Amino acid sequence: SQQGEEDPQALSIQEGENATMNCSYKTSINNLQWYRQNSGRGLVHLILIRSNEREKHSGRLRVTLDTSKKSSSLLITASRAADTASYFCATAAFYNQGGKLIFGQGTELSVKP
Amino acid sequence: GAVVSQHPSWVICKSGTSVKIECRSLDFQATTMFWYRQFPKKSLMLMATSNEGSKATYEQGVEKDKFLINHASLTLSTLTVTSAHPEDSSFYICSARPADSPRDTQYFGPGTRLTVL
């Protein structure tokens, strides 16, 4: 079952602006991951944040995790047209079967040049 | 880097026929592979977890007789959609977890688009 809720469902910004996407989940997690998917393509792993971490950076990406609120945010700074894609959060629970991921509903990001 | 391939990348078939989709880990051995289904503009729904040499574990609501999964080797898992119908049309994505990696490591294939006429 899907446990992640993401907002907004769709986001349209101008190149150079920052994009923030949020993800909420319901159960206790071991880690939370963010993925990007270009239209009709596979998933690209962006970043993983563990339950004992609060913030992580990777290039223009910044991810925060608030386990008390069961939420995470992904910030993309200085966006580019090439960032246009769907972004999904995925959670891995404690004691799950072999590391399966539960995906959120996704945010469709459109960056206009 | 770890690469996962899927074949075919797209397939169109007639209603009632069976379709086999392959998922291969090209440069690593995968004891566990996962199969997901994605409808247009929707999220990925986990269908089953495939373990090499044993029966797949299906998620609730997924018909195991409809979606046959075989993980016969450490580099190959197959998903067969049996007696396909138009409602089975979807984007199917697999992922593979390397045998010697932490449980939170998965590499995704590029997906297979199935269209059933």
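Located above this text is the structure these notes cover.
So, a few notes on the structure that sits alongside this text. Quantities reported herein were computed from a predicted structural model and do not represent experimental measurements. (Residues numbered from 1 in each chain as written. Chains lettered and ligands numbered in written order. Predicted model: local features only at pLDDT ≥ 70, side-chain atom pairs only at ≥ 80, totals over all residues. Heavy atoms only, no water.)

The subject of this paragraph is the side chain of Ser25 of chain B. Residue and element names in this part refer to chain B. Inspection of the secondary structure assignment puts Ser25 in strand E3 (residues 19-25). Using a relative accessible area of 4% as the deciding quantity, one classes Ser25 as buried. Of note is the side chain of Ser25, whose polar atom sits 2.7 Å from the backbone oxygen of Phe28. Those residues in contact with Ser25 that sit more than four places away from it in its chain are Val3, Ala30, Met33, Leu74, Thr75 and Ala96. (Helix = DSSP H or I, 4+ residues; strand = E, 2+ residues; numbered from the N terminus. Buried < 20%, exposed > 50% of the residue type's maximum accessible area, 1.4 Å probe, protein only. Polar contact = N/O pair within 3.5 Å; in protein donor to acceptor, adjacent residues only side chain to side chain. Contact = heavy atoms within 4.5 Å.)

Moving on to the interface of chain B and chain A. With 21 residues of chain B in contact, the opposing surface of chain A contributes 23 residues. Counting each side, the surface lost to burial between chain B and chain A is near 1,700 Å², with a carbon and sulfur contribution of 46%. Taken together, the connections running from chain B to chain A amount to one salt bridge. In this structure, the salt-bridge partner of Glu108 of chain A is Lys41 of chain B, at a minimum N-O distance of 3.4 Å. Seen at the junction of chain B and chain A, the total is four residue pairs in polar contact (both at pLDDT 80 or more). Looking at the side of chain B that touches chain A, the elements with two or more residues in it are strand E4 (30-38), strand E5 (44-51) and strand E9 (90-98) of chain B. (Buried area = accessible area lost by both parts, 1.4 Å probe. Salt bridge = Lys/Arg side-chain N within 4 Å of Asp/Glu carboxyl O.)

Across all of its chains, the model carries eight aromatic pairs over all chains by this definition. Considering the side-chain rings of Tyr35 of chain A and Phe103 of chain A, the 5.6 Å spacing of their centres and the 50 degrees angle between planes classify their relative orientation as tilted. Within this pair, whereas Tyr35 of chain A is found in strand E4 (residues 29-37), its partner Phe103 of chain A is found in strand E10 (residues 102-103), the two being separated by 68 residues in sequence. Like Phe103 of chain A, Tyr35 of chain A is buried. Ring geometry for Phe28 of chain B against Tyr107 of chain B: centres 5.7 Å apart, planes inclined by 55 degrees, an arrangement best described as tilted. Here Tyr107 of chain B lies in strand E10 (residues 107-108) and Phe28 of chain B lies in the loop between E3 and E4, a separation of 79 residues in the sequence. The class for Tyr107 of chain B is partly exposed, based on a relative accessible area of 31%. Here the aromatic residues Tyr35, Phe88 and Phe103 of chain A together with Tyr36 and Phe108 of chain B are joined through ring pairs into a cluster of three or more. (Phe/Tyr/Trp six-rings, centres within 6.5 Å; stacked < 30°, edge-to-face > 60°.)

Residue and element names in this part refer to chain B. Across the sheet, four strands lie side by side as E1-E3-E8-E7; this open sheet has antiparallel pairing. Two strands lie at the open edges of the sheet, namely strand E1 (4-7) and strand E7 (67-73), each paired on one side alone. The sheet shows a mean angle of 15 degrees between the axes of neighbouring strands, taken without regard to direction. (Pairing = 2+ DSSP bridges. Axes fitted to C-alpha atoms, helices over the stretch in contact; angles between N-to-C directions.)

Purely geometric numbers; function is a separate question.
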